[in-house]
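# Inside the fold
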Amino acid sequence: MAGQNDYALVEILNSSKIRKRFEEMLGDNASSFINSVLTAVNSNNKLKQCSSATILSAASTAATLKLPIIPSLGYAYIVPFKVQGNYQAAFQIGWKGFVQLAMRSGQYRRINASRVFEGQIKDIDFITGDPIVGERTGDNVVGYIAYFELLNGFSKTLYMTLEEMTAHAQKFSQSYSYDLRSGKKTSVWSQDFDSMAKKTILKLLLSKYGIMNIDSNALEMAKALAADQSVIQEDGNYQYIDNDHKEEIDAIAFAEPTQIDAPDSDEEEN
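Residues numbered from 1 in each chain as written. Predicted model: local features only at pLDDT ≥ 70, side-chain atom pairs only at ≥ 80, totals over all residues. Heavy atoms only, no water.

### Focus on the packing of aromatic side chains
In total, this model carries 7 aromatic pairs according to the counting rule given. A centroid spacing of 5.7 Å and a plane angle of 35 degrees characterise the contact between Phe22 and Phe33, whose relative ring orientation is tilted. Of the two residues, Phe22 sits in helix α2 (residues 16-26) while Phe33 sits in helix α3 (residues 30-42), which places them 11 residues apart along the sequence. On the basis of relative accessibility, which here comes to 0%, the residue Phe22 falls in the buried class. Using a relative accessible area of 7% as the deciding quantity, one classes Phe33 as buried. Here Tyr176 and Trp189 contribute two aromatic rings whose centre-to-centre distance is 6.0 Å and whose plane-to-plane angle is 40 degrees, an arrangement assigned as tilted. Pair noted here: Tyr176 is in helix α8 (residues 174-182) and Trp189 is in helix α9 (residues 188-191), with a separation of 13 residues, a long-range link. (Phe/Tyr/Trp six-rings, centres within 6.5 Å; stacked < 30°, edge-to-face > 60°. Helix = DSSP H or I, 4+ residues; strand = E, 2+ residues; numbered from the N terminus. Buried < 20%, exposed > 50% of the residue type's maximum accessible area, 1.4 Å probe, protein only.)

In structure tokens:
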């Protein structure tokens, strides 16, 4: 494991100090979560080159939100980014993760994000923002849509065309812009555009119209919105390293960074 910490990642995660902190967050599920972190890292050569500190911070954010980081589940991920020649790990939430957090709040009756095919959207009501639905006429994806309805009856829809979504990805992801310029597929956007687009449309909708009060479950959503696609620094601040123009997320001010420090090199294990 190539990392900037004095401890190898496996030693850090198995230290009594770190195990105890994960147990405080996850209870009996702590051991399986730690194993899933090691599995995710060992299955990705670029993650193996990330600093242990950033991997630990990303993992602790997922643990705080109680979201599994098993890639096949699609709730949350630890994603490597190259920064000035060195790899750092970023926390990234999937669209299923946002749905899970919304469900936990107990305030959402319905929530969904989906692709839109030819003919399915005739127009958008400029007053309400609601789509005027039509019949599907083809198999080409023309956009992405997100919707939620609260228990109190409030509902909101957000639709972006494929062109708008592509422009958004180019603006807010340096790695995707690089891929488009170079013809490569190194970014998450290039490798799974649909999943990233559904996550993005749902994230934008929730950040502008979702519930962001001081209730603990609502604060979970705020924390997820703030931490998404960030490298958590040693001082606990979020660094959006793949983003030239950071997205305006209304919930940022409500979220406190999550940080678990690795044990000092001379610390004795109890």
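Let's pick the thread back up.
### What about the layout of surface pockets?
Space inside the largest pocket adds up to approximately 980 Å³. In terms of lining, the largest pocket is formed by 36 residues, of which the most central are Val79, Pro80, Thr186, Ser187 and Val188. Secondary structure elements with two or more residues in the lining of the largest pocket: α4 (45-48), β1 (76-83), β2 (86-93), α6 (95-105), α8, α9 and α10 (193-209). Sorting elements by how many residues they give to the lining of the largest pocket places β1 first, with 7 residues. Here the lining of the largest pocket is composed, by residue class, of 18 nonpolar, 12 polar and 6 charged. (1 Å grid on protein atoms, 1.4 Å probe; cavity = no way out; pocket = protein on both sides within 12 Å on 5 of 7 lines; lining within 4 Å. Points joined across faces, edges and corners; volume = space filled by probe spheres on them. Nonpolar A, V, L, I, M, F, W, Y, C, P; charged D, E, K, R; others polar.)

### Quick notes on the pattern of salt bridges
Evaluated as defined, the whole model comprises 4 salt bridges. Across the pair Arg109 and Glu149 runs a salt bridge, and its minimum N-O distance is 3.1 Å. Residue Arg109 is found in strand β3 (residues 108-117), and its partner Glu149 is found in strand β6 (residues 141-150); the two are separated by 40 residues along the sequence. Where Arg115 meets Asp194, a salt bridge forms, and the shortest distance between an N and an O atom there is 3.3 Å. Taken as a pair, Arg115 in strand β3 and Asp194 in helix α10 lie far apart in primary sequence, 79 residues in all. In this structure Arg115 comes out as partly exposed when scored by relative accessible area, which is 35%. Through salt bridges with shared partners, a single ionic network connects Arg109, Arg110 and Glu149. (Salt bridge = Lys/Arg side-chain N within 4 Å of Asp/Glu carboxyl O.)

### Things to note about α6
Within α6, burial applies to Trp95, Gly97, Phe98, Val99, Leu101, Ala102 and Ser105. Gly106 sits one or two positions beyond α6 and adopts a positive phi of about 75 degrees.

### Remarks on the nonpolar core
Within the largest apolar cluster, 60 residues are counted, with the highest numbers of intra-cluster contacts made by Leu13, Phe22, Phe33, Val37 and Ile78. If near-sequence neighbours (up to four positions away) are discounted, Phe22 is found in contact with Leu13, Gly27, Ala30, Phe33, Ile34, Leu56, Ala59, Ser60 and Ala63. (Core = buried A, V, L, I, M, F, W, Y, C linked by side-chain atoms within 4.5 Å. Contact = heavy atoms within 4.5 Å.)

### Thoughts on the packing of α2 against helix α5 (residues 52-64)
The interhelical angle for the contact between α2 and α5, taken along N-to-C directions, is 25 degrees, at an axis separation of 9 Å. Accordingly, the angle class assigned to the pair α2 and α5 is roughly parallel. The two elements α2 and α5 cross, and the hand of that crossing is left-handed. Each of Ile18, Phe22, Met25 and Leu26 in α2 lies in contact with α5, whose residues at this interface are Leu56, Ala59, Ser60, Ala63 and Thr64. A breakdown of the residues in the contact of α2 with α5 according to their chemical character gives 7 nonpolar, 2 polar and no charged. (Axes fitted to C-alpha atoms, helices over the stretch in contact; angles between N-to-C directions. Parallel < 35°, antiparallel > 145°, perpendicular 65-115°, else oblique. Left-handed = near helix turned anticlockwise from the far one by under 90°.)

### Let's talk about the environment of Met25
Secondary-structure assignment places Met25 in helix α2. Spatially, the C-alpha atom of Met25 lies 7.8 Å from that of Lys66, the residues being 41 residues apart in sequence.

### Overview of the confidence of the model for the protein
The predicted coordinates ought not to be read in detail in places where the model reports low pLDDT. Considering every residue of the protein, the mean pLDDT works out to 81; 79% of them sit at 70 or more. Here strand β9 (residues 238-239) is the element of the protein with the lowest mean pLDDT, 56, and β6 is the one with the highest, 96. Contacts for the low-pLDDT stretch residues 1-7, under 50 throughout, to residues beyond four places or in other chains number 25 contacts. Note that residues 244-270 has pLDDT below 50 and, in this model, 73 contacts with residues that lie over four places away or in other chains. (pLDDT = per-residue confidence, 0-100.)

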